[in-house]
There are 2 protein chains.
Amino acid sequence: MKRKGILIVVSGFSGSGKGTLMKRLLSQYPDTYALSISATTRAPRKGEEHGREYFFISKDEFEKMIVKGELIEYARYVENYYGTPRVYVEQKLDEGKDVILEIEIQGALKVKQAFPDTLLLFVTPPNAAELEKRLVGRGTETMDVIRSRLDRACEEAEGMDSYDYLIVNDELEACVSQMHEIIRGEHHRSFRNEVFIKEIKEDLEKLKRR
Amino acid sequence: MKRKGILIVVSGFSGSGKGTLMKRLLSQYPDTYALSISATTRAPRKGEEHGREYFFISKDEFEKMIVKGELIEYARYVENYYGTPRVYVEQKLDEGKDVILEIEIQGALKVKQAFPDTLLLFVTPPNAAELEKRLVGRGTETMDVIRSRLDRACEEAEGMDSYDYLIVNDELEACVSQMHEIIRGEHHRSFRNEVFIKEIKEDLEKLKRR
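Below is a summary of the structure that appears in this document.

Reading the values: the criteria
Residues numbered from 1 in each chain as written. Chains lettered and ligands numbered in written order. Predicted model: local features only at pLDDT ≥ 70, side-chain atom pairs only at ≥ 80, totals over all residues. Heavy atoms only, no water. Least-squares fit on C-alpha atoms with pLDDT ≥ 70 in both. Contact = heavy atoms within 4.5 Å. Axes fitted to C-alpha atoms, helices over the stretch in contact; angles between N-to-C directions. Helix = DSSP H or I, 4+ residues; strand = E, 2+ residues; numbered from the N terminus. Parallel < 35°, antiparallel > 145°, perpendicular 65-115°, else oblique. Left-handed = near helix turned anticlockwise from the far one by under 90°. Nonpolar A, V, L, I, M, F, W, Y, C, P; charged D, E, K, R; others polar. Phe/Tyr/Trp six-rings, centres within 6.5 Å; stacked < 30°, edge-to-face > 60°. Lys NZ or Arg CZ within 6 Å of the ring centre and 35° of its normal. Buried area = accessible area lost by both parts, 1.4 Å probe. Polar contact = N/O pair within 3.5 Å; in protein donor to acceptor, adjacent residues only side chain to side chain. 1 Å grid on protein atoms, 1.4 Å probe; cavity = no way out; pocket = protein on both sides within 12 Å on 5 of 7 lines; lining within 4 Å. Points joined across faces, edges and corners; volume = space filled by probe spheres on them. Buried < 20%, exposed > 50% of the residue type's maximum accessible area, 1.4 Å probe, protein only. Arc of directions from axis to C-beta.

## Re the relation of the copies chain A and chain B
Then, number 1: Of the transformation superimposing chain A on chain B, the axial component is 0.0 Å and the angular component is 180°, with the fit at an RMSD of 0.0 Å. Taken together, these values place the two copies in the relation of a two-fold axis.
Then, number 2: The share of interface residues of chain A whose copies in chain B are also at the interface is 100%, consistent with both copies meeting through the same surface.

## Quick look at the packing of helix 7 (residues 172–186) of chain A against helix 7 (residues 172–186) of chain B
Then, number 1: Relative to each other, helix 7 of chain A and helix 7 of chain B sit at 110°, their axes nearing to 9 Å. Considered as vectors, helix 7 of chain A and helix 7 of chain B are oriented roughly perpendicular to each other. As helix 7 of chain A runs across helix 7 of chain B, the sense of the crossing is left-handed. Taken together, the residues of helix 7 of chain B that come into contact with helix 7 of chain A (itself represented by Glu181, Ile182, Arg184 and Gly185 of chain A) are Glu181, Ile182, Arg184 and Gly185 of chain B.
Then, number 2: Residues belonging to the contact of helix 7 of chain A with helix 7 of chain B are distributed by class as follows: two nonpolar, two polar and four charged.

## Here's the deal with the packing of aromatic side chains
Then, number 1: One pass over the full model with this rule turns up 20 aromatic pairs over all chains.
Then, number 2: Taken together, Tyr54, Phe56, Tyr77 and Tyr82 of chain A form an aromatic cluster joined through their ring pairs.
Then, number 3: Over the ring of Tyr74 of chain B we find Lys110 of chain B, and its NZ or CZ is 6.0 Å from the ring centre.

## Here we look at the interface of chain A and chain B
Then, number 1: The interface is formed by 44 residues belonging to chain A together with 44 residues belonging to chain B.
Then, number 2: Carbon and sulfur atoms supply 62% of the area buried between chain A and chain B, which totals about 4000 Å² over both sides.
Then, number 3: Inspection of the region where chain A meets chain B yields 18 residue pairs in polar contact (both at pLDDT 80 or more).
Then, number 4: Listing elements by their share of the side of chain A that touches chain B, those giving two or more residues are helix 5 (128–136), helix 6 (143–159), strand 9 (165–168), helix 7 and helix 8 (194–209) of chain A.

## Quick look at empty space enclosed by the protein
Then, number 1: For the coordinates displayed, the defined rule picks out two cavities of 30 Å³ or more.
Then, number 2: Roughly 40 Å³ of volume is contained in the largest cavity.
Then, number 3: Counting only elements with at least two residues in the lining of the largest cavity, the list comes to helix 7 of chain A together with helix 7 of chain B.
Then, number 4: Looking at the lining of the largest cavity residue by residue, the class counts come to four nonpolar, two polar and four charged.

## Details of helix 3 (residues 86–94) of chain B
Residue and element names in this part refer to chain B.
Then, number 1: For helix 3, the complete set of buried residues consists of Tyr88, Val89, Lys92 and Leu93. Around the axis of helix 3, the buried residues are gathered within 130° of arc, so they sit on the same side. Looking at helix 3, the residues exposed on the side facing more than 90 degrees away from the buried face are Val87 and Asp94.
Then, number 2: Buried residues belonging to helix 3 abut strand 1 (7–12), strand 2 (33–35), strand 4 (54–56), strand 5 (71–77), strand 6 (80–85) and strand 7 (98–102).
Then, number 3: The first or second residue beyond helix 3 is Gly96, which carries a positive phi of 90°.

Pasting the structure below:
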């Protein structure tokens, strides 16, 4: 079966360790996965590079991309735009790579709506006690910070059912394998292999007519 | 996450090697999987054992099971009934085992209708040329036999889209791993972990109220 790339959205609780998980997955399977690079209108921070952390573009350029439909999804936070350029994603998918987007729930659902074949993965700690530990931290955070993290986590939890899979991040290496295995399995879904099914059907019909 | 057993239906082209595949999977992971045993009204053949190949029961007993809703699915071929007893399947699922039913497409769709969480797997040779080879055999079959196999294969191919995954049986050991991996991945689906999601939500709400 010809391997076609899968568009994958990864979300998760803050403190779920999804950043580390992504880095590890990509360094372990560089030929399998590509990380989508977002475009943003915010200024680059020290050490950030155009085309590595983000595509840094002007507000004008960003708004032109919106109008032309060149973004898969976008959002505005405070004064800045953040979005996913379509061209880069499609290019990598065509190369047969599975492209990973690390975005939050609202963006995830927009992507799924535009591309129903998108795979939605949600990274979570193994249980609520562990989640609490990661949200509350080491006792050095203010109550305000903790409260705002909790509010955000509640919102994220509300969306969990909309994701296809839960990725339980207990131990990093095990979690990387789990995620890779799930994605590899997804390539075998019938709806992702319509060409293969069509060919089998046609060939059987040909055989019958012989 | 607590592991709940998954009901799995395996179908596939005749000659796809699914019989050998099942045997291998079960012998390799005896604690993970259980094979459902069908009930039938046909007489046992030499070497067959009640409760191993089939549950051999009378027509009267079978019809009582139908009326009482004790069969997940059943069908009648020629003069005999074949069906899947519900009790055995549910018992194994409760033990946390993934229960495998080896049945054809009509039965598969009936099971999926009754139990929407059922996982449908379709075993196929890697391509049509290989399928042809396995259908036509070594040239020792009559044209009638080949024609009837082809007709059956065409019917089966029509149903392929209804299955969740295609299992490509190219090399046996690789195929066993592939199937095991796909099923293991399925355990991480959100809809199979509603209890886990509910607990996380409740615990977060409790934390917020503290």
